[in-house]
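Residue-level structure breakdown
Here are the chains, one letter per residue:
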Amino acid sequence: MPSPLRIRPIADTDFAAWSPLWDGYNAFYGRSGETALPEAITRTTWSRFLDPQEPMHARVAESADGLIGLVHFLFHRSTIQLNPTCYLQDLFTVEAARGKGVARALIEEVYRSAAQAGAGRVYWQTHETNHTAMRLYDQVADRSGFVVYRKLL
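A brief report on the enclosed structure follows.

Rules behind the numbers
Residues numbered from 1 in each chain as written. Predicted model: local features only at pLDDT ≥ 70, side-chain atom pairs only at ≥ 80, totals over all residues. Heavy atoms only, no water. Salt bridge = Lys/Arg side-chain N within 4 Å of Asp/Glu carboxyl O. Buried < 20%, exposed > 50% of the residue type's maximum accessible area, 1.4 Å probe, protein only. Helix = DSSP H or I, 4+ residues; strand = E, 2+ residues; numbered from the N terminus. Pairing = 2+ DSSP bridges. Phe/Tyr/Trp six-rings, centres within 6.5 Å; stacked < 30°, edge-to-face > 60°. Lys NZ or Arg CZ within 6 Å of the ring centre and 35° of its normal. Core = buried A, V, L, I, M, F, W, Y, C linked by side-chain atoms within 4.5 Å. Contact = heavy atoms within 4.5 Å.

**Focus: the pattern of salt bridges**
Applying the stated rule across the entire model yields seven salt bridges. For the salt bridge of Arg8 with Asp14, the shortest nitrogen-to-oxygen distance reads 2.7 Å. Here Arg8 falls in the buried class, since its relative accessible area comes to 10%. The closest approach of N and O atoms between Glu109 and Arg112, which form a salt bridge, is 3.2 Å. Of this pair, Glu109 and Arg112 both sit in helix α3 (residues 102–116), three residues apart, which is roughly one turn of that helix. Residue class for Arg112 comes out partly exposed when judged on its relative accessible area of 47%.

Written out as structure tokens, the structure reads:
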């Protein structure tokens with residue numbers, strides 16, 4: 001793990017350092033260039049992280065080199081449990097930080113935040129070709145066995 005590593009909530013002054021991480025995450029999933037997210041989505045997403053009334057949250061991994069990772073998560077209700085459920089929506093580390101415990105530390109921070117909020121579970125999705133990340137995910141969580149379907153509207 002990069003030393004010293006600090007996992008912390010984002011601050012309103014982090015936008016310039018967070019934005020390249022966000023762009024890297026989106027590029028990994030094919031959202032760059034002509035398919036990039038509109039700036040309005042990025043700006044609205046950012047403002048939601050800073051609004052205490054929103055169920056969306058962001059944490060960053062910070063080392064001496066600056067921000068090296070991000071994780072975004074949100075809470076929602078469920079029809080099968082009384083406690084809230086936590087959805088880990090986005091997880092990204094810079095390439096130089098991969099395999100060094102940064103993503104694991106970010107996931108563990110989501111676990112802590114979810115437990116503190118009284119959530120009954122944390123879950124997330126990844127693309128079936130994301131084998132590198134899945135090696136970590138298989139160590140820190142259980143595969144649900146569910147297949148995700150979607151319809152863009």
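**Observations concerning the pairing of strand β3 (residues 66–76)**
Counting buried residues along β3, nine of its eleven residues qualify, which places the element largely inside the surrounding structure. Where strand β2 (residues 56–63) hands over to β3, the hairpin turn is made up of two residues, counted between the paired strands. Pairing analysis gives eight bridges linking β3 to strand β4 (residues 85–93), with the strands arranged antiparallel. Looking across to β4, one finds that Phe75 is bridged to Cys86.

**Regarding the packing of aromatic side chains**
Counted under the stated rule, the structure contains twelve aromatic pairs. Between Phe28 and Tyr29, the ring centres sit 4.9 Å apart and the planes meet at 85°, which makes this aromatic pair edge-to-face. Exposure remark for Tyr29: the relative accessible area of 29% places this residue in the partly exposed category. Ring centres of Tyr87 and Tyr123 lie 4.9 Å apart, and the angle between their planes is 40°; this geometry places the pair in the tilted category. Placement of the pair is Tyr87 in strand β4 and Tyr123 in strand β5 (residues 121–123), with a sequence separation of 36 residues. Through pairs of rings, three or more aromatic residues link up here, namely Phe15, Trp18, Trp22, Tyr25, Phe28, Tyr29, Trp46 and Phe49. Above the face of the Phe15 ring, Arg43 is positioned so that its terminal group lies 4.0 Å from the ring centre.

**Describing the nonpolar core**
One broad trend across soluble globular proteins is that nonpolar side chains are buried collectively. Counting 22 residues, the largest nonpolar core has Cys86, Leu88, Leu91, Ile107 and Tyr137 as its most contacted members. Listing elements by their share of this core, those giving two or more residues are β3, β4, α3 and α4 (131–140). Element by element, the count of residues in this core is highest for α3, at six residues. If we ignore the near neighbours within four places in the chain, the residues touching Leu91 are Tyr25, Leu70, Val71, Ala103, Leu106, Ile107 and Tyr137. Grouped together as the second largest cluster of nonpolar side chains are 16 residues, Ile10, Tyr25, Val60 and Tyr87 included.

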